[in-house]
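What follows is the residue order along each chain.
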Amino acid sequence: YADWSSRMPTFFKKFVDEETTMNLIIDGDFGNLSNDDLMTFISLQNDFNFKKSTQNKICDFPIHTLIELNNNQKFAYIFDEPYMPFNEDWGTVKNNIYKVSNPEIDAYERLKLPAFNDFLMFNSEIDGINGHIDSNQIANLFFDNITNKKTFLDKIKNREFKVSYSDRYNQSEFSMRLMLQFLNRLKQLCEFSVNNLTVCLVKNYFRTNNHPYFLIDNYTSLDDYNDDLMKFESAFDFSIQLEEKNILPHNRFFDFISTDEKVKFKIRIDAGIAYGFKPVKRIISQDLNLENEIFKIRKDRDEKLIYTISFD
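Just so you know, these numbers come straight off a predicted model, no measurement behind them.

**Brief notes about the sheet that holds strand β7 (residues 109-110)**
Link 1 in the chain: With mixed pairing, the 3 strands of this open sheet are ordered in space as β1-β2-β7. Edge positions in the open sheet fall to β1 (23-27) and β7, since each of these has one partner strand only.
Link 2 in the chain: Two elements, strand β2 (residues 49-53) and β7, share 2 bridges in a ladder whose sense is antiparallel. Each residue of the ladder has a partner; that of Lys52, found in β7, is Glu109.

**Quick notes on helix α4 (residues 149-156)**
Link 1 in the chain: Listing the buried residues of α4 in full gives Phe152, Leu153 and Ile156. Projection of α4 onto a plane perpendicular to its axis shows the buried side chains occupying an angular sector of 95°, all on one side. Exposed side of α4, more than 90 degrees from the buried face: Lys150 and Asp154 are the residues found there.
Link 2 in the chain: Buried residues in α4 make contact with β8 (121-126), α3 (138-144), β10 (160-166), α5 (173-190), β14 (264-269) and β17 (305-311).
Link 3 in the chain: One or two steps after α4, the chain reaches Asn158, where phi turns positive at roughly 65°.

**Regarding the pattern of salt bridges**
Link 1 in the chain: A complete count under the given rule lists 10 salt bridges for this structure.
Link 2 in the chain: For Lys187, the salt bridge identified is with Asp237, shortest N-O distance 3.2 Å. Of this pair, Lys187 sits in helix α5 while Asp237 sits in the loop between α6 (222-231) and β12 (239-244); the two residues are 50 residues apart in sequence, bridging distant segments of the chain.

**Points about the environment of Thr198**
Link 1 in the chain: Following the sequence through the fold, Thr198 ends up in strand β11 (residues 193-201).
Link 2 in the chain: Assessed through its relative accessible area of 8%, Thr198 is described here as buried.
Link 3 in the chain: Sequence spacing of Thr198 and Met22 is 176 residues, and the spatial spacing of their C-alpha atoms is 39 Å.
Link 4 in the chain: Residues contacting Thr198, with those up to four places away along its chain left out, are Val163, Ser164, Tyr165, Gln241 and Glu243.
Link 5 in the chain: Here the side chain of Thr198 touches Asn196 through a polar contact of 3.1 Å, side chain to side chain.
Link 6 in the chain: Of the polar contacts made by the side chain of Thr198, one reaches the side chain of Gln241; its length is 3.3 Å.

**A few points about the packing of α5 against α6**
Link 1 in the chain: Running from N to C, α5 and α6 cross one another at 35°; their axes reach a closest spacing of 11 Å. Note that α5 runs across α6; the crossing there is right-handed. For the pair α5 and α6, contact is made by Glu173, Met176, Met179 and Leu180 and by Tyr225, Asp228 and Leu229, respectively.

**Points about the packing of aromatic side chains**
Link 1 in the chain: Using the criterion set out here, one finds 24 aromatic pairs in the structure.
Link 2 in the chain: Their ring planes at 65° and their centres at 6.1 Å tell us that Phe152 and Phe311 sit as a pair that is edge-to-face. Remark: Phe311 occurs in strand β17 and Phe152 occurs in helix α4; sequence separation between them is 159 residues.
Link 3 in the chain: A relative accessible area of 3% places Phe311 in the buried class.
Link 4 in the chain: In textbook terms, an aromatic cluster arises when at least three aromatic residues are bridged by ring pairs, as seen for Phe122, Phe142, Phe152, Phe161, Tyr165, Phe182, Phe192, Phe254, Phe256, Phe265, Tyr307 and Phe311.
Link 5 in the chain: The residue whose ring lies beneath Lys149 is Phe143, and the NZ or CZ to ring-centre distance is 4.2 Å.
Link 6 in the chain: A cation sits over an aromatic face here: Lys266 above Phe253, 4.5 Å from the ring centre.

Rules and cut-offs
- Residues numbered from 1 in each chain as written.
- Predicted model: local features only at pLDDT ≥ 70, side-chain atom pairs only at ≥ 80, totals over all residues.
- Heavy atoms only, no water.
- Pairing = 2+ DSSP bridges.
- Helix = DSSP H or I, 4+ residues; strand = E, 2+ residues; numbered from the N terminus.
- Buried < 20%, exposed > 50% of the residue type's maximum accessible area, 1.4 Å probe, protein only.
- Arc of directions from axis to C-beta.
- Contact = heavy atoms within 4.5 Å.
- Salt bridge = Lys/Arg side-chain N within 4 Å of Asp/Glu carboxyl O.
- Polar contact = N/O pair within 3.5 Å; in protein donor to acceptor, adjacent residues only side chain to side chain.
- Axes fitted to C-alpha atoms, helices over the stretch in contact; angles between N-to-C directions.
- Left-handed = near helix turned anticlockwise from the far one by under 90°.
- Phe/Tyr/Trp six-rings, centres within 6.5 Å; stacked < 30°, edge-to-face > 60°.
- Lys NZ or Arg CZ within 6 Å of the ring centre and 35° of its normal.

Note that all results are geometric; they support no functional claim without further evidence.
So, in C-alpha cells, the structure goes:
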C-alpha cells in the first residue's frame, strides 16, 4: 500500500453525501500491515468502510468498481488491468471498460483494521487557525496537539537524531523553508538535537519550465533546488544534504534515527509539509535572504492537517 493516499482522491469527493456509503474492497484481508500502511487506513476510515472480497473477477476480468443503487440494482465495472493504487491517479485506464448489470456476487464481509499499540503510535491534528501565524509556528501547532505528549517526549528528549525528509512535492522554496523551520523549531520544543538532515528527492519530478518568481513556485531542476538548499546550511545548527532517489513513496514523512540507533520514529505528514498553507503576501523569491527568515503564513484549506507519529 506504499502508493496509496491517506486522503480521499478528488474523483470520489463528488459522491460524498449523506445517502452514499463508500466501501474500499480489500482483496483477501489486511495481512501484516506495516506502520505506514496502518496509518494510511486509519486516515481513510473516516470516509470509507473496509470490506473483504473473495470473488474479485468476472470473465477473468478484475472487478474494479461495484455500484449498488437504492433500488437494489447493481453494476460492476471490469477491465483487464491490475488493481490501481488508491490515489489521485485512480481511474486512469488504458484498456476498455465493461459494465456488467446485476452481477451475481456474494455479499462482502466487513473487515476490521488490526489493532495497534497506543504506546508506539501518536497523532496530532491541526484544524482551524485564526488569522496569520509565523512560518515556523507549524511546529508549535503540531506540538500542542500531540496525543499522549508526555510519553512521546520521554522517548525522544535529550537524544540526538539523524533525520531525513521524503516528499515528492517538496519542490519549491516555500516548501523548503517550511521543512527546515519545522524541524528546527520542533527540536527546540521537544528538547532533542539534530545532527544531520537529508532531503530525499527525485530528479524527474521537477517538470516546471519557468524559473521560480514567487516563493511558492517550483524549481525547474533538482540542481537548482540543491543550490539553494546548501546555502541554508549556515543558518541552522545541523548539517544538510540532498540525496537523489529513483522513486519516492506516496507518503510524506520525516524519518528520525538516534545517533546511537536505539530510537527510531517517523512523523508522517498527510499531504506534505506545505499542504494547506500559503504565504500571506505574494512574496517574490528574491525578496528573502537564504537564511532562517520568518514570514507570515495562513491556512488556506478547510481540511484538517493530520500528522501521525510511529515508533519502530
